[in-house]
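Here's the letter readout for the chains.
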Amino acid sequence: MSRGMPRLPRPLMDLWDWQSQAACRDVNPELFFSPESERGVRKRAREMVAKSLCGTCPVQPECRQHALSVGEPYGVWGGTTESERDNTVLPEHRKSA
């Protein structure tokens, strides 16, 4: 490759490889995503269990960063709930209104 040629983009698998190391990879996704009718104590309890699993995860920072960068509106990602992400989104990750 000559010095004047631009670099090729990274393969997509490299962008998602962190998921293969996630503590949740073999867990039922329902733990991380609430049914539409779930509210109150039941929802908080499920989120607490999901977040405790996230606390053991070796790729928790990558997962949280992914959720913030794509504006993930649903579920527990990287140890954060939807409302936590809404309240702590960094300015560069905010969606334009």
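Residues numbered from 1 in each chain as written. Predicted model: local features only at pLDDT ≥ 70, side-chain atom pairs only at ≥ 80, totals over all residues. Heavy atoms only, no water.

*Asks:* Go over the nonpolar core, please, and point to the residues and values.
*Replies:* Listed in full, the 7 residues of the largest apolar core are Trp-18, Ala-22, Cys-57, Val-59, Cys-63, Ala-67 and Trp-77. Setting aside residues up to four positions removed in sequence, Val-59 forms contacts with Trp-18, Gln-21 and Ala-22. The next biggest cluster of nonpolar side chains, apart from the first, holds 5 residues, and it includes Leu-31, Ala-50, Cys-54 and Val-76. (Core = buried A, V, L, I, M, F, W, Y, C linked by side-chain atoms within 4.5 Å. Buried < 20%, exposed > 50% of the residue type's maximum accessible area, 1.4 Å probe, protein only. Contact = heavy atoms within 4.5 Å.)

*Asks:* Account for the UniProt feature "binding site: [4Fe-4S] cluster" (unreviewed entry) in the protein chain, with residues named and values stated.
*Replies:* When the UniProt feature table is mapped onto this chain, "binding site: [4Fe-4S] cluster" (unreviewed entry) is found at Cys-24, Cys-54, Cys-57 and Cys-63. Across 40 residues in sequence, these annotated residues keep their C-alpha atoms within 10.8 Å of one another, forming a single compact spot. Here Cys-24 lies in the loop between helix H1 (12–16) and helix H2 (40–54). Leaving out residues up to four positions away in the same chain, Cys-24 has contacts with Phe-32 and Leu-53. By the secondary structure assignment, Cys-57 is in the loop between H2 and helix H3 (60–70). Every residue in contact with Cys-57, bar those within four places of it in the chain, is listed here: Ala-22 and Ala-23. (UniProt positions renumbered as here; feature names shortened; annotations may be inferred. Helix = DSSP H or I, 4+ residues; strand = E, 2+ residues; numbered from the N terminus.)

*Asks:* Can you tell me about the environment of Val-27, naming the residues and giving the values?
*Replies:* Following the sequence through the fold, Val-27 ends up in the loop between H1 and H2. On the accessibility criterion, Val-27 (30% relative accessible area) is partly exposed. Beyond its immediate sequence surroundings of up to four residues, Val-27 is in contact with Phe-32 and Leu-53.

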